[in-house]
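If you want the building blocks of each chain, they are given just below.
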Amino acid sequence: MRETSISRGTAGSLSAALLVLVLAYLYGAVAYLVSDAAYFPEQSPPGWSWPAVLVTMFGFVPAAVLLVFAWGAWRSPRVRADAFTRRLLAVAGVAAALMLLVMATPPGWELFDWYVS
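Notes on the structure in this doc start here. As a convention, each chain's residues are numbered from 1 in the sequence order in which they are written. For a predicted model such as this one, the threshold for reporting local features is a pLDDT of at least 70, and the threshold for listing and counting side-chain atom pairs is 80 or more; totals across whole chains, interfaces and linings nevertheless cover every residue. The side-chain figures draw on all heavy atoms in the structure; neither hydrogens nor water molecules are used.

### A word on the overall build of the protein
Move 1: Every helix listed is a DSSP run of H or I at least four residues long, and every strand listed is a run of E at least two residues long, numbered separately from the N terminus. Per the secondary structure count, the protein includes six helices and zero strands.
Move 2: Starting at the N terminus, the α and β elements of the protein follow one another as α-α-α-α-α-α.
Move 3: We call a residue buried when its accessible area falls under 20% of the maximum for its residue type, exposed when it is over 50%, and partly exposed in between, using a 1.4 Å probe and counting protein chains only. Counting the 117 residues in the protein, one finds 33% classified as buried.
Move 4: With an accessible surface of roughly 7300 Å², the protein has 71% of that area assigned to carbon and sulfur atoms. Here, Shrake-Rupley sampling with a 1.4 Å probe gives the accessible areas, and only protein chains in the shown set may cover a residue.

Here's what the structure looks like:
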């Protein structure tokens, strides 16, 4: 069976996409924490938090798919040969895995409920 190798550029793109998702989710968590919960109970989240709304609603799907691709990229010989790309991909993957873990916990569900309901 022939093993294909993923380029450093592809691995960098995967890292960037994962980090964008994580940063948008983190942005949503900060927006939730700094907003007055009593002021927004019956309203939608503030307009400046729409990137976080989208990641909170749909972010687990692209994060999971990108993590699968990132795992394959991390195992690629080209990526393993470049220490910076390998570390960047590992950091982005761990951050995305932690984001998915938080999404599955009660604080993540509270954040989801605040943004989506």
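So that's the structure; there's more coming.
### Some points on a nonpolar patch on the surface
Move 1: A patch is a set of surface residues, each over 30% in relative accessible area and not in a salt bridge, joined within 9 Å for like charges and within 5 Å for the nonpolar side chains Val, Leu, Ile, Met, Phe, Trp and Tyr. A pair is scored as a salt bridge if a Lys or Arg side-chain nitrogen falls within 4 Å of a carboxyl oxygen belonging to Asp or Glu. A contiguous nonpolar patch, built from Leu 23, Leu 26, Val 30, Leu 33 and Val 34 and spanning about 520 Å² of accessible area, is present on the exposed surface.
Move 2: Here Leu 23 is to be found in helix H1 (residues 8-34).
Move 3: A relative accessible area of 53% places Leu 23 in the exposed class.

### Description of the packing of aromatic side chains
Move 1: Only centres within 6.5 Å qualify two rings of Phe, Tyr or Trp (six-membered ring in Trp) as a pair; their planes then separate them into stacked at under 30 degrees, edge-to-face at over 60, and tilted for everything else. Applying the stated criterion across every chain, the model contains two aromatic pairs.
Move 2: Centroid distance Trp 71 to Trp 74: 6.2 Å. Interplanar angle 20 degrees. Geometry classified as stacked. Within this pair, Trp 71 and its partner Trp 74 are both found in helix H3 (residues 60-74), separated by three residues, close to a single helical turn.
Move 3: The exposed category is assigned to Trp 71, whose relative accessible area is 54%.
Move 4: Ring geometry for Trp 109 and Phe 112: centres 5.6 Å apart, planes at 80 degrees, overall edge-to-face. Here Trp 109 and its partner Phe 112 are both found in helix H6 (residues 106-116), three residues apart, which amounts to about one turn of the helix.
Move 5: Residue Phe 112 is classed as partly exposed on the basis of its relative accessible area of 28%.
Move 6: Only lysine NZ and arginine CZ atoms are considered, and such an atom sits over a ring when it is within 6 Å of the ring centre and within 35 degrees of the ring normal. Residue placement shows Arg 80 over the ring face of Trp 74; its charged tip is 4.3 Å from the ring centre.

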